[in-house]
Amino acid sequence: MESLKNKFLPKEKFEEESKEVLSSWPTGAEVDREEAVEFHKNLPDDSCMVDKLTEADEAKKTLTQPRAGVALPDELIDLLGHLRTEGEADLLPVTIDSYTRQNQYEKAAQGIEESREEGRSLLNGFPAVNHGVEICRKVVEALDAPVQARHGTPDARLLAEITLAGGFTDFEGGGISYNIPYAKDVSLEKSLRDWQYVDRLVGFYQSQGVEINREPFGPLTGTLVPPAVSHSIAVLEGLLAAEQGVKHLTLGYGQNGNLVQDVAAVETLRVLARQFLDDEGYEDVSVTTVLHEWMGGFPQDEAKAFGVISWGASAAALANATKVIVKTPHEAEGIPSREANAAGLKTSNQIVSMLLDQSLEDSAGLEKEKDLIIREVEDILGRVKELGEGDWAAGTVRAFESGVLDVPFAPSRYNQSGILPARDNEGAVRYLEFGNLPLSADIQDFHEEKMKKRGEKEGRQPGFQMVTDDIYAIGKGRLTGRPRG
Ligand code: 8ZB
């Protein structure tokens, strides 16, 4: 493979690769991009994700969006219709099944057949590649809200071709965020390169006047991820997308549970994205934000789960996130019923509308937390840029090799896994081990001090036991994993 560079893919190269991508499965032949541009232009305004997000951002409203996907199109339309009317979802997803995420379309085909025979979905999402362009369009046309593909696919080139030609107006993921937390053996060079193609495709639609939103997957492993780690990656994926012509980004963050840290995180995500995009000359790229309600382990008890959901919706609203991805009271069990899914939405909608006109007062604590995140991200991304000698793609690969970028609890062998996060005494996520993160000495001292204070309070040395206690704490009804006794 040619060495990876953060450079706009030239037209000929892109077209040549397209032939390969579109011929890799029969439904690829349904893609006619020029015709798809016309299809998008004739869609009603309420199908456009960018419009909805821009409006909400201007009005400082927080929109709600569920996760949802089943094997068959009619059932999908029914489910999403229910989440819209009963759950009052502002924005709709189509969650893609695991076989499609692994490019195993034969297995997905079998899942479709078996689901038809059994009369219920035997896939954990909608196999959009197998169903093809026309069926995706049928789904989009049946609904009165914009539709986004949500998945977890390291090589999403064909999925992007099908869903975008199919009228979806938003596509989730990125070359880091859909690789490192999702795959063990996919090299970063490969996934970054495959996502250049996806972004270039979105850039093509943009260049034809079709507004498509792109959303890197913010929460990563969803397990005690320090804000600066996920922010650095979100900003990088934004920069890589912008180079390929993407004009609308929604950057994400997974709720950690300490309100001040979570609000500081969403607010700084905007600031940092703007700063880095502007510095690189991408002033015309818009940035909105998404907060994901708690992505870690949930309580089994549904009433307790609603407590966690409410706290996530509160953080999203108080931070003025443009949207919130909601959880359901079935989270501890797996895929939710449509009623449980609607219940999570209703809880979240109630909270975001009650908090519409409120925000956290500027306080010393909030400012301090914001400064900390900004300085950490600047340290990390400064080093990434040096490692890439100015090139963000090459820098990303080298940064993961050396642990300058490092995601906690990730399965990928392209991740060093040298950092260890844990909660401090107030439940904010700090570092217990820094691995090779290039954080300045005073920042490291700050984290060490915070962890020492927790140790004193709990009468134990800061260490790995705290980390495991923290991972299970919310499921057991607390934020911080205190020792029993
Ligand atoms: C990384 C995302 C995990 C979350 C939910 C899980 C979990 C996955 C579906 C779904 C509704 C689906 N999730 N697939 N929710 N319908 N097909 O994504 O429950 O919360």
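Only a predicted model underlies this, so the values are computations on that prediction, with no experimental measurement involved. Each chain has its residues counted from 1, running along the sequence as written. Only residues with pLDDT of 70 or above have their local features reported here, since the model is predicted, and side-chain atom pairs are shown and tallied only from 80 upward, although totals for entire chains, interfaces and linings are computed over all residues. The basis for every side-chain value is the complete set of heavy atoms in the structure, and neither hydrogens nor water enter the calculation.

Enquirer: With reference to specific residues and values, describe the packing of aromatic side chains.
Expert: Only centres within 6.5 Å qualify two rings of Phe, Tyr or Trp (six-membered ring in Trp) as a pair; their planes then separate them into stacked at under 30 degrees, edge-to-face at over 60, and tilted for everything else. Tallied over the full model, the rule gives 10 aromatic pairs. Aromatic side chains tyrosine 182 and phenylalanine 217 sit 5.9 Å apart centroid to centroid with 55° between the ring planes, which places their arrangement in the tilted category. Here tyrosine 182, found in the loop between β4 (170-172) and α9 (188-207), pairs with phenylalanine 217, found in the loop between β5 (213-215) and α10 (227-243); they are 35 residues apart in sequence, far enough to count as distant. Residues phenylalanine 204 and tyrosine 205 carry aromatic rings whose centres are separated by 5.4 Å and whose planes lie at 70° to one another, so their mutual orientation is edge-to-face. For the pair shown, phenylalanine 204 and tyrosine 205 are each scored as buried. Helix and strand labels come from DSSP, where a helix needs a run of H or I of at least four residues and a strand needs a run of E of at least two; each type is numbered from the N terminus. Three exposure classes are used, based on accessible area relative to the maximum for each residue type with a 1.4 Å probe and protein chains only: buried under 20%, partly exposed in between, and exposed over 50%.

Enquirer: Just give me the short version of helix α4 (residues 73-85), but keep the residues and values in it.
Expert: Think of an α-helix as turning once every 3.6 residues; residues three or four places apart then point the same way. The end-to-end C-alpha distance of α4 is 18 Å, a good match for the 18 Å that 13 residues give at a rise of 1.5 Å each. Taken as a whole, α4 has its buried residues at Pro73, Leu76, Ile77, Leu79, Leu80, His82 and Leu83. Contacts between residues were defined by any pair of non-hydrogen atoms, one from each residue, lying within 4.5 Å. Where α4 is buried, its residues touch β2 (92-95), α7 (128-142) and α13 (338-354). How far a helix is expected to stretch is found by multiplying one less than its residue total by 1.5 Å.

Enquirer: Can you tell me about the UniProt feature "binding site: adenosylcob(III)alamin" (unreviewed entry) in the protein chain, naming the residues and giving the values?
Expert: UniProt positions are given in the numbering used here, feature names are shortened, and annotations may be inferred rather than shown by experiment. Within this numbering scheme, the UniProt entry marks Gly69, Asn124, Pro181, Phe298, Lys327, Glu331 and Ile335 as carrying the feature "binding site: adenosylcob(III)alamin" (unreviewed entry). Within the secondary structure, asparagine 124 is located in the loop between α6 (105-118) and α7. In this view, asparagine 124 contacts Gly69, Thr95, Asp97, Ser98 and Ile335; residues no more than four positions away in its chain are not counted. Engagement of the side chain of asparagine 124 in a polar contact is seen with the side chain of serine 98, the distance being 2.6 Å. Inspection of the secondary structure puts glutamate 331 in the loop between β8 (323-325) and α13. For the purposes of these results, a polar contact is taken to be a pair of N or O atoms within 3.5 Å, where, inside protein, one atom must be able to donate a hydrogen and its partner to accept one; residues adjacent in sequence count only when each atom of the pair is a side-chain atom.

Enquirer: I'd like a description of the site of the ligand, backed by residues and values.
Expert: A molecule or strand has a residue near it when one of that residue's heavy atoms lies within 4 Å. The full set of residues close to the ligand is Arg67, Ala68, Gly69, Thr95, Asn124, Tyr182, Met295, Lys327, Glu331, Gly334, Ile335 and Pro336. A distance of 2.9 Å is found between a nitrogen atom of the ligand and a backbone nitrogen or oxygen belonging to glycine 69. Contact distances for the ligand include 2.8 Å between a nitrogen atom and a backbone N or O atom of asparagine 124. Of the residues that constitute the shell around the ligand, the class distribution is 5 nonpolar, 4 polar and 3 charged. Each residue gets one of three labels, nonpolar for Ala, Val, Leu, Ile, Met, Phe, Trp, Tyr, Cys and Pro, charged for Asp, Glu, Lys and Arg, and polar for the others, Gly among them.

Enquirer: Can you tell me about the UniProt feature "binding site: L-glutamate" (unreviewed entry) in the protein chain, naming the residues and giving the values?
Expert: Per the UniProt record, "binding site: L-glutamate" (unreviewed entry) is annotated on Arg67, Arg101, Arg150, His151, Glu172, Tyr178 and Tyr182. Take arginine 67: it is sitting in the loop between β1 (63-65) and α4. The exposure class of arginine 67 is partly exposed, given its relative accessible area of 24%. Setting aside residues no more than four positions away along its own chain, arginine 67 makes contact with Pro93, Thr95, His292, Met295, Ile325, Val326, Lys327 and Asn341. Take tyrosine 178: it is sitting in the loop between β4 and α9. A polar atom in the side chain of tyrosine 178 sits 2.3 Å from the side chain of glutamate 172.

Enquirer: Can you explain the pattern of salt bridges? Please cite residues and give values.
Expert: It is possible for side chains of opposite charge to pair when their charged atoms get near one another. Should a side-chain nitrogen of Lys or Arg be within 4 Å of a carboxyl oxygen of Asp or Glu, the pair is scored as a salt bridge. All told, the structure shown has 41 salt bridges when counted by the stated rule. Arginine 338 is the partner of aspartate 78 in a salt bridge, and the nearest nitrogen-oxygen pair spans 3.3 Å. Of the two residues, aspartate 78 sits in helix α4 while arginine 338 sits in helix α13, which places them 260 residues apart along the sequence. Taking the relative accessible area as the measure of exposure, aspartate 78 reaches 47% and is therefore partly exposed.

Enquirer: Go over the domain arrangement of the protein chain with me, naming the residues and quoting the values.
Expert: Residue ranges assigned to each domain were obtained from an automatic or database domain assignment. Domain annotation of the protein chain identifies domain 1 (11-354) and domain 2 (418-485). The centre of domain 1, based on its C-alpha atoms, is set 31 Å off from the matching centre of domain 2. Counting residues at the interface gives 15 residues for domain 1, matched by 16 residues for domain 2. Throughout, the accessible surface (probe 1.4 Å) given up by two parts as they are put together, summed over both, is called the buried area. It is Leu224, Pro226 and Asn258 that lose the most area in domain 1 upon contact with domain 2, and together they represent 43% of the buried surface on that side. Viewed at the interface, domain 2 and domain 1 are joined by 0 salt bridges.

Enquirer: Quick one: what's the story with the state of the cysteines, residue by residue and with numbers?
Expert: Disulfide: a pair of cysteine sulfur atoms within 2.5 Å of each other. Using the criterion set out here, one finds 0 disulfides in the structure. Looking at cysteine 48, it has no disulfide partner, and the nearest cysteine sulfur is the one in cysteine 136, 17 Å off. Under the relative-accessibility criterion, cysteine 136 is labelled buried at 0%.

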